[in-house]
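Report on the structure
Given next are the chains, with one letter for each unit.
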Amino acid sequence: MRKHPPDRSESSPFAAALLAQAGGVATVLVLAFALTQTTQLGFWQFPLVPALIQGMAAALIALWQRAPRWWLPIHLGFAPLAVAVHGLDIAPGWFLAAFVLSLLIFWRTDQSRVPLYLSNRRTAVALVAQLPAAPIKLIDLGCGTGSLLRHLAKARPDCRFVGIEHAPLPWLLARISTRGLANVTVRRGDFWQEPLGSYDFVYAFLSPAPMPRLWRKACAEMAPGATLVSNSFAVPDIEPASVVEVTDRRATRLYLYRIRKRRAAPSFLAP
Ligand SMILES: C[S@@+](CC[C@H](N)C(=O)[O-])C[C@H]1O[C@@H](n2cnc3c(N)ncnc32)[C@H](O)[C@@H]1O
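Residues numbered from 1 in each chain as written. Predicted model: local features only at pLDDT ≥ 70, side-chain atom pairs only at ≥ 80, totals over all residues.

**So, the overall build of the protein chain**
Secondary structure assignment for the protein chain yields nine helices and seven strands. The C-alpha radius of gyration computed for the protein chain amounts to 23 Å, which surpasses the reference 18 Å derived for 271 residues by more than 25%, pointing to a less compact arrangement than a globule. Each principal axis of the C-alpha atoms in the protein chain carries an extent, and together these give about 80 × 45 × 40 Å. Put simply, 66% of the contacts in the protein chain that link residues at least 6 apart link residues at least 24 apart. (Helix = DSSP H or I, 4+ residues; strand = E, 2+ residues; numbered from the N terminus. Rg over C-alpha atoms; globule rule 2.2 N^0.38 Å. Contact = placed C-beta atoms within 7 Å.)

Laid out in structure tokens, this is it:
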């Protein structure tokens, strides 16, 4: 299957974050050099001070990079927290275990730009109400722990439900929890590699970053009349066929896009 080129907006934020942190370290080193030349101050005597300066410099660089606001406290706190935790004398194995656990749960969120959070029950009920009376086939792109699939499969035993998940732990939970449901298939893999042509409904609860790419994939592969449902994240500049307001606490919105007709393949898909 041909691969869709990623948007710049989909690129990993790791490089920019690393640059901000490196800039913070460089600032501290320059400052330390200047101070040792001009004063007798013991710059490294209290490591929390250079760590705080490093954090502030990194946060300022992130601000200049126009990084999303939630990166600022991460940059600000990273080095000071590392110094503070170092003083607690925790065995290194715990850090490794925490890293492995978060990797198993979140997998390559840095690349996918899609963390794990789950559709709630009211959203599942609202989605069931959107399904036609006739049996259909639906795929949940990035099915997480399979909680949405479980609800759908029980509500509509006449329909077929497929889930694809790349993060190992959520995938395992989804596999185990849907074992008794004959109309659910859960696979481990990358949904970008899944052809969407055989699905009447494609459900996605992702993030703003992959929506333009998902729309291109949907238009290129989904059959006319099929429906792309996006939980919370609209496709930029595309008018949805309808929007369902879910009456939950977070005021979830389901954006429904009807695939009208197969569009001419974008130039990057040309053979
Ligand atoms: C926000 S969660 C939604 C979970 C589920 N669909 C729901 O609505 O409850 C998104 C999931 O997509 C998964 N994911 C992200 N990119 C993926 C990819 N390229 N292939 C497979 N799964 C992916 C993440 O690991 C995460 O579990």
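**Thoughts on the sheet that holds strand β5 (residues 227-231)**
Taken together, seven strands build an open sheet; the order of strands is β3-β2-β1-β4-β5-β7-β6 and the sheet is mixed. Every other strand in the sheet has two partners, leaving β3 (184-188) and β6 (242-245) as the edge strands with one partner each. Each strand of the sheet is rotated relative to its neighbour by a mean of 20°, with strand direction disregarded. Direction of pairing for strand β4 (residues 201-204) relative to β5: parallel, over a ladder of four bridges. Bridge assignment links A204 to a residue of β5, and that residue is S230. Relative to the sheet, helix α6 (residues 121-130) contacts β4, β5, β6 and β7 (253-258), its axis offset from that of β7 by approximately 25°. (Pairing = 2+ DSSP bridges. Axes fitted to C-alpha atoms, helices over the stretch in contact; angles between N-to-C directions.)

**Re the confidence of the model for the protein chain**
Mean pLDDT over the protein chain: 89, with 91% of residues reaching 70 or higher. Ignoring residues within four places in sequence, the model shows residues 1-10, a span with pLDDT below 50, making 16 contacts including any to other chains. Confidence drops under pLDDT 50 across residues 267-271; counting only partners more than four residues distant or on other chains, this segment forms four contacts. (pLDDT = per-residue confidence, 0-100.)

**Looking at the site of the ligand**
Neighbouring the ligand are 23 residues, the closest being S112, S119, G142, G144 and H166. Going through the elements one at a time, α7 (147-155) and β2 (160-165) are the ones with two or more residues in the shell around the ligand. When the residues that make up the shell around the ligand are grouped by side-chain class, the tally is 14 nonpolar, six polar and three charged. (Near = placed C-beta within 6 Å. Nonpolar A, V, L, I, M, F, W, Y, C, P; charged D, E, K, R; others polar.)

**Re the pairing of β4**
Residues F201 and Y203 line one face of β4 and the alternating positions V202 and A204 line the opposite face, and both faces are buried. Following the backbone out of β4, through helix α9 (residues 211-221) and into the adjacent parallel β5, one traces a crossover that is right-handed. (Buried ≥ 20, exposed ≤ 12 C-beta atoms within 10 Å, placed from the backbone. Right-handed = clockwise from strand over helix to strand, strands pointing away.)

**Digging into unusual backbone geometry**
Positive phi, normally seen in glycine, also occurs at S232, with a value near 75°. Judged by the 19 C-beta atoms lying within 10 Å of it, S232 is partly exposed. Residue D237 is not a glycine yet carries a positive backbone phi of 65°. Secondary-structure assignment places D237 in the loop between β5 and β6. Owing to 7 C-beta atoms within 10 Å, D237 belongs among the exposed residues under this scheme.

**Some words on the environment of R66**
Within the secondary structure layout, R66 lies in the loop between α2 (48-64) and α3 (71-86). Classification of R66 as exposed rests on a count of 8 C-beta atoms within 10 Å. Taking C-alpha positions, R66 is 38 Å from G197, a pair spaced 131 residues apart along the chain.

**Focus on the pairing of β3**
Bridge analysis of β2 against β3 gives five bridges, and the strand direction is parallel. Looking at the pairing, V162 lines up with T185 of β3.

**Structural notes on the nonpolar core**
With 45 residues, the main nonpolar core has V202 and Y203 as its most contacted residues. Residues contacting Y203, with those up to four places away along its chain left out, are L127, L138, I139, D140, L141 and V229. If you look at the next biggest cluster of nonpolar residues, it comprises eight residues, including A20, A59, A62 and L76. (Core = buried A, V, L, I, M, F, W, Y, C linked by C-beta atoms within 7 Å.)

**What about the environment of Y199?**
Along the chain, Y199 turns up in the loop between β3 and β4. Accessibility expressed as a C-beta count within 10 Å gives 23 for Y199, which makes it buried. In this structure, the C-alpha to C-alpha distance between Y199 and S232, residues 33 residues apart in sequence, is 21 Å. Beyond its immediate sequence surroundings of up to four residues, Y199 is in contact with K137, L138, I139, M222 and A226.

**Let's talk about α9**
Residues of α9 that are buried: M211, L214, K217, A218 and C219. Residues of α9 that are buried sit in contact with β4 and β5.

**Structural notes on helix α1 (residues 14-38)**
Between its terminal C-alpha atoms α1 stretches 36 Å, which fits the 36 Å expected from 25 residues at 1.5 Å a residue. Listing the buried residues of α1 in full gives A17, A20, Q21, G24 and V28. Residues of α1 that are buried make contact with α2 and α3. (Expected span 1.5 Å × (residues − 1).)

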